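Structure at a glance
Below, each chain spelled out in residue letters.
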Amino acid sequence: MRNGRDEAFTAFMAARYGSLLRTATLLTGGGRSRAEDLAQEALLRTYRAWHRIGRLDAAEAYTRTTMVRLLIKDRRRHWHAEIPAERLPEAPRPGHEEQVTTAVAVRELLQTLSPAQRAVIVLRFYHQLTEREIADVLGCSPGTVKSRAARALAALRDKGFVTTSVPDRERGSADD
């Protein structure tokens, strides 16, 4: 039984690690080593709970939820286990300067938000989750998700990062 679990988990991790690492990078606001630590800790907890998860498609949602909760829990602590001494610059690849610049700007932008606001923005706009789905991940009400999103967007607007309002897909567009 355990061997089948190990094979299933290994297949899941091989298929989804890149995506989970990108989410962790956005959630932590950059810093590859911190993102890797977050993703790996969440994957360890996912492995421990593998027998309860049941479906392969639920494993990614479980891991993403675990990452968000670990991040918020970690931010509540006064001392962090590791503090990087220096930050390595992005390694630009020929022809990708604009993408690298955008990626760095987005990570710096997300770093200006609180962990809870950052989690809402990443889950909403990167993972395209609904307010209800985000509320389930964060263990809060949809109203709390709405207020965190509104505060985060207002903070970004005040800093000049967001210049237009973002339509809410749950309300639908005027063409519906």
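Structure's up top.
Note that the coordinates shown come from a computational prediction; the quantities given were computed from them, not determined experimentally.

Right, let's talk about the packing of helix 6 (residues 115-126) against helix 8 (residues 142-158) for a bit. For the pair helix 6 and helix 8, interaxial distance at closest approach is 9 Å and the crossing angle is 100 degrees. Here helix 6 is positioned roughly perpendicular relative to helix 8, judged by the angle of their axes. Residues Ala116, Gln117, Val120 and Ile121 of helix 6 form the contact with helix 8, whose own contacting residues are Val145, Arg148, Ala149, Arg151, Ala152 and Leu153.

This part takes up the side chain of Thr28. Looking at the secondary structure, you find Thr28 in helix 1 (residues 2-28). The class for Thr28 is buried, based on a relative accessible area of 3%. Ignoring anything within four residues of it in the chain, the contact list for Thr28 reads Arg34, Ala35, Leu38, Leu71, Gln111 and Arg118.

With that settled, the discussion passes to the nonpolar core. One finds Phe12, Leu27, Leu38, Met67, Val68, Ile134 and Leu138 to be the most contacted residues of the largest nonpolar core, which totals 40 residues. Sorting the residues of this core by element identifies helix 1, helix 2 (32-48), helix 3 (50-53), helix 4 (56-76), helix 5 (97-111), helix 6, helix 7 (131-138) and helix 8 as the ones contributing at least two each. Residues within four places of Met67 in sequence aside, it is in contact with Leu20, Thr23, Ala24, Leu27, Leu38, Ala39 and Ala42.

Over its 17 residues, helix 2 extends 24 Å from the first C-alpha to the last, a length consistent with the 24 Å expected when each residue adds 1.5 Å. Three or more residues of helix 2 are buried, namely Ala35, Leu38, Ala39, Ala42, Leu43, Thr46 and Tyr47.

We now examine the pattern of salt bridges. Following the criterion strictly, the structure yields five salt bridges and no others. A salt bridge links Arg16 to Glu60; the nearest nitrogen and oxygen atoms lie 2.9 Å apart. You can see Arg16 sitting in helix 1 and its partner Glu60 sitting in helix 4, a full 44 residues away along the chain. Given a relative accessible area of 30%, Arg16 falls into the partly exposed group.

So, on to the packing of aromatic side chains. A complete count under the given rule lists four aromatic pairs for this structure. Aromatic pair Phe9 and Trp50: ring centres 5.4 Å apart, planes at 85 degrees, arrangement edge-to-face. With Phe9 in helix 1 and Trp50 in helix 3, the pair connects residues that are 41 residues apart, well separated along the chain. Judged on exposure class, the residue Phe9 and its partner Trp50 are both buried. Here the aromatic rings of Phe12 and Trp50 are separated by 5.6 Å at their centres, their planes lie at 40 degrees, and the arrangement is tilted. Residue Phe12 is located in helix 1, and its partner Trp50 is located in helix 3; the two are separated by 38 residues in the primary sequence. Residue Phe12 is classed as buried on the basis of its relative accessible area, which comes to 2%.

Cut-offs used in this document
- Residues numbered from 1 in each chain as written.
- Predicted model: local features only at pLDDT ≥ 70, side-chain atom pairs only at ≥ 80, totals over all residues.
- Heavy atoms only, no water.
- Axes fitted to C-alpha atoms, helices over the stretch in contact; angles between N-to-C directions.
- Helix = DSSP H or I, 4+ residues; strand = E, 2+ residues; numbered from the N terminus.
- Parallel < 35°, antiparallel > 145°, perpendicular 65-115°, else oblique.
- Contact = heavy atoms within 4.5 Å.
- Buried < 20%, exposed > 50% of the residue type's maximum accessible area, 1.4 Å probe, protein only.
- Core = buried A, V, L, I, M, F, W, Y, C linked by side-chain atoms within 4.5 Å.
- Expected span 1.5 Å × (residues − 1).
- Salt bridge = Lys/Arg side-chain N within 4 Å of Asp/Glu carboxyl O.
- Phe/Tyr/Trp six-rings, centres within 6.5 Å; stacked < 30°, edge-to-face > 60°.

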